[in-house]
Every structure is written in C-alpha cells, then in structure tokens.
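# Reading the structure
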Amino acid sequence: MINPEEFSNWLKTKVPNGKTARTYASIVSTFLQWAGQRKICSEIFETYILWLRKNGKEPTTERLYFHAIAWLEKYANQKIINGLRPRKLIKKLPKPLTTLEVSQILGCATPDQSQFIVCRNKAMLWILYACGLRFSELMSLNMSDLEDLNRGIRILGKGGKERIVPVSEECQSHITRYLLQLPDSVSKRLWITQKGTPLSSGVARKQLTTWAERAGIQNWHPHIMRHTCATQLMTNGMNLRVLQEFLGHASISETQIYTHVTQELLQKEYEKFQPTI
C-alpha cells in the first residue's frame, strides 16, 4: 500500500515549488482514498479519470491529475498512466466585436483628454484592430518599424520572427496624425507620454480599457481587437495560409480556430434569416 504522507514528504524533495508539491500530493491522496483497497494500476486510474469526467472536471484539471499521477509512478516505480492521455484543451476565444462596437471604442475620447493622448490612443487602437497585432507587438514598436507605411509595419513577433503587416489607408491616417504630435527630439520608441518618456504597457492598457468601458464594452482587453480583425478577415474570405502569415502564427492549427468561429457566426446568422414556408 502507498502511504500518502510518505509520498508527500518524498515529493517535497523533488518538486521545488512548495505550492505545486502540495497540490500534487493532495491529488494523489484523493486518488488513493478513492481507490481504497484496490490495487493501483492503469485500469483503476482510467476508471478514476472517467469518473472525474462524469462529475464535470474540466480538461485543465484533468491534466493536473495526470501530472500528479506521473510523480506517483516515479515514486512507486510502476506504470499507472500506461499510455492514457488527458483530453485536449479547448481554446475558448472571446466573442468578436461588431463593427459598430469597434467604432464606438474608437470614438470614446473625452473632452478632458489632450489632443496628443487622443491621437496616440486612436493610433494604438487602430493598429490593434486593422493590423491584428498582439498587444506585446504593439508596445514594442519602434519608430524605425514605420519607415515605409505604404509597404507595411515591421513586426517582431513571437520567437523573434519578423513579418511585414499591411496597413489600411484609414489606419495610416491615424498613425500619421499621431506622428505629427511628436516632438522633434523623440526617442526610438514609438509610444511615448506627453513628457516624452516611454509609455508603459500598464498605462497603455489601462487607458485603452477606459475607452472601451466608456463605449459600453464589458470585459474588454487588447487581444479582442486582434481576434475581431482575424474573424472579419476570415469571414470575408481571406485564405487560411495568408491569415496565418498576417497574424504571425507559427502553426496553421493556431489559425484554423477562426474557421470554427466563422462557422458559428454563419450558423447564428442562418438561424436569424433562414427561409421559411
């Protein structure tokens, strides 16, 4: 029989993070208690996993159980998982914004904000939306990345992968308006404060979120602009491989999720306007 307390003490010497070690120990203890007098083996573990699924455990939780039992395997020196695999995680995407909602966000400047802040925030929102950038990509832009707007913006994405993203005429106009607000002796960083210091990601996120809240958009975050851009491009017929390159996805599987989103939108629209006799 496996002693849960002895396993917990052993685990503390193997897992540096105390919180993680306690979580794994608790999971194993619960599993052993559920198994009772039965021999711990792959069949028992599979039955336990099926029981967890029946009782509504999410795939993320299930993966945690697999990690914990993997440590139990090492401790007991026996095969328990034995080829079993946790369920795949289903990436839940936020609902894309409508064009009206995007327009409302872009128009939510207040009278107390200076022209500099209004131009800067609008340019940031337009780039997020029209160019489908990640927020980290937006904030890392330098002046040199905008040398030829007609060709596009140079983006340094995940893993140091560089790409050129095209810019719409309207987006270009908002970028230009912001650039005209900048002092002559500007730093290489694109986004700055009125005092000329680099704009932090935290301040930028807070200001853009405030604009969204004024527009009545709840639970807004910068990534929803990228998601909205990708969904609209896919809905309008952009080739999946081209969309992959545009978004800077390393794998086509990351981009394919937008085919499901557009199918869901199609289904909803069909249900609203389906032909009837």
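Residues numbered from 1 in each chain as written. Predicted model: local features only at pLDDT ≥ 70, side-chain atom pairs only at ≥ 80, totals over all residues. Heavy atoms only, no water.

## Some points on the side chain of Arg-120
Mapping Arg-120 onto the fold places it in helix α6 (residues 115-131). Within the structure, the side chain of Arg-120 is placed 3.3 Å from the side chain of Asn-121, a separation counted as a polar contact. Aside from chain neighbours lying at most four places away, what touches Arg-120 is Tyr-178, Trp-191, Ile-192, Thr-193, Leu-199 and Gln-207. (Helix = DSSP H or I, 4+ residues; strand = E, 2+ residues; numbered from the N terminus. Polar contact = N/O pair within 3.5 Å; in protein donor to acceptor, adjacent residues only side chain to side chain. Contact = heavy atoms within 4.5 Å.)

## Remarks on helix α8 (residues 169-181)
Here α8 contains 13 residues, and its C-alpha end-to-end distance of 19 Å stays within 8% of the 18 Å for a straight helix at 1.5 Å per residue. Here α8 has its buried residues at Cys-171, Gln-172, His-174, Ile-175 and Tyr-178. Taken around the axis of α8, the buried residues stretch over an arc of 165 degrees, which confines them to a single face. Of the residues in α8, the exposed ones pointing more than 90 degrees away from the buried face are Glu-169 and Leu-180. Elements that come into contact with the buried residues of α8 comprise α6 and β1 (153-156). (Expected span 1.5 Å × (residues − 1). Buried < 20%, exposed > 50% of the residue type's maximum accessible area, 1.4 Å probe, protein only. Arc of directions from axis to C-beta.)

## Digging into the packing of α6 against helix α9 (residues 201-214)
Direction vectors running N to C along α6 and α9 enclose 85 degrees, while the axes themselves pass 11 Å from each other. Judged on the interaxial angle alone, α9 and α6 are roughly perpendicular. Between α6, through Ile-117, Val-118, Arg-120, Asn-121, Lys-122, Met-124, Leu-125 and Leu-128, and α9, the contact on the second element is made entirely by Ala-204, Gln-207, Leu-208 and Trp-211. Partitioning the contact of α6 with α9 into residue classes produces eight nonpolar, two polar and two charged. (Axes fitted to C-alpha atoms, helices over the stretch in contact; angles between N-to-C directions. Parallel < 35°, antiparallel > 145°, perpendicular 65-115°, else oblique. Nonpolar A, V, L, I, M, F, W, Y, C, P; charged D, E, K, R; others polar.)

## Some points on the nonpolar core
Among the nonpolar cores identified, the biggest contains 53 residues, and Ile-127, Leu-138, Ile-153, Trp-191 and Trp-220 are the most heavily contacted of them. The element best represented in this core is α6, accounting for twelve residues. If sequence neighbours within four positions are ignored, Ile-153 has contacts with Ile-127, Cys-131, Leu-141, Asp-145, Leu-146, Arg-163, Ile-164, Val-165, Val-167 and Ile-175. Within the second largest apolar cluster, 26 residues are counted, among which are Ile-2, Val-15, Leu-52 and Ile-80. (Core = buried A, V, L, I, M, F, W, Y, C linked by side-chain atoms within 4.5 Å.)

## A closer look at the environment of Pro-166
Along the chain, Pro-166 falls in the loop between β2 (162-165) and α8. On the accessibility criterion, Pro-166 (47% relative accessible area) is partly exposed. For the pair Pro-166 and Phe-246, spaced 80 residues apart in sequence, the C-alpha separation works out to 8.4 Å. Those residues in contact with Pro-166 that sit more than four places away from it in its chain are Cys-131, Arg-151, Gly-152 and Phe-246.

## A closer look at unusual backbone geometry
One can expect most non-glycine residues to show negative phi and most peptide bonds to be in trans. In the Ramachandran plot, Asn-82 falls in the positive-phi region, its phi being about 45 degrees despite a non-glycine side chain. Here Asn-82 lies in the loop between α4 (59-76) and α5 (99-106). Looking at Asn-82, the relative accessible area reads 45%, which means it is partly exposed. Phi at Asn-219 takes a positive value of approximately 55 degrees, unusual for a residue other than glycine. On the secondary structure map, Asn-219 appears in the loop between α9 and α10 (223-235). Since its relative accessible area comes to 72%, Asn-219 is described here as exposed.

## As for the packing of α5 against α6
Interhelical geometry of α5 versus α6 gives an angle of 155 degrees and a closest axis separation of 10 Å. The angle between α5 and α6 places the two elements in the roughly antiparallel class. Contact residues: Thr-99, Val-102, Ile-105 and Leu-106 in α5; Lys-122, Leu-125, Trp-126 and Tyr-129 in α6. Of the residues that constitute the contact of α5 with α6, the class distribution is six nonpolar, one polar and one charged.

## Points about α9
Compared with an ideal rise of 1.5 Å per residue, which puts 14 residues at 20 Å, α9 spans 20 Å between its outermost C-alpha atoms and is within 8% of the ideal. Restricting attention to buried positions, one finds in α9 the residues Ala-204, Leu-208, Thr-209, Trp-211 and Ala-212. Projected down its long axis, α9 carries its buried residues within an arc of 155 degrees, all on one side. Summarising the geometry of α9, the exposed residues directed more than 90 degrees from the buried face are Gly-202 and Lys-206. Buried residues belonging to α9 abut α5, α6 and α7 (135-139). At the C-terminal side of α9, Gly-216 shows a positive phi close to 85 degrees.

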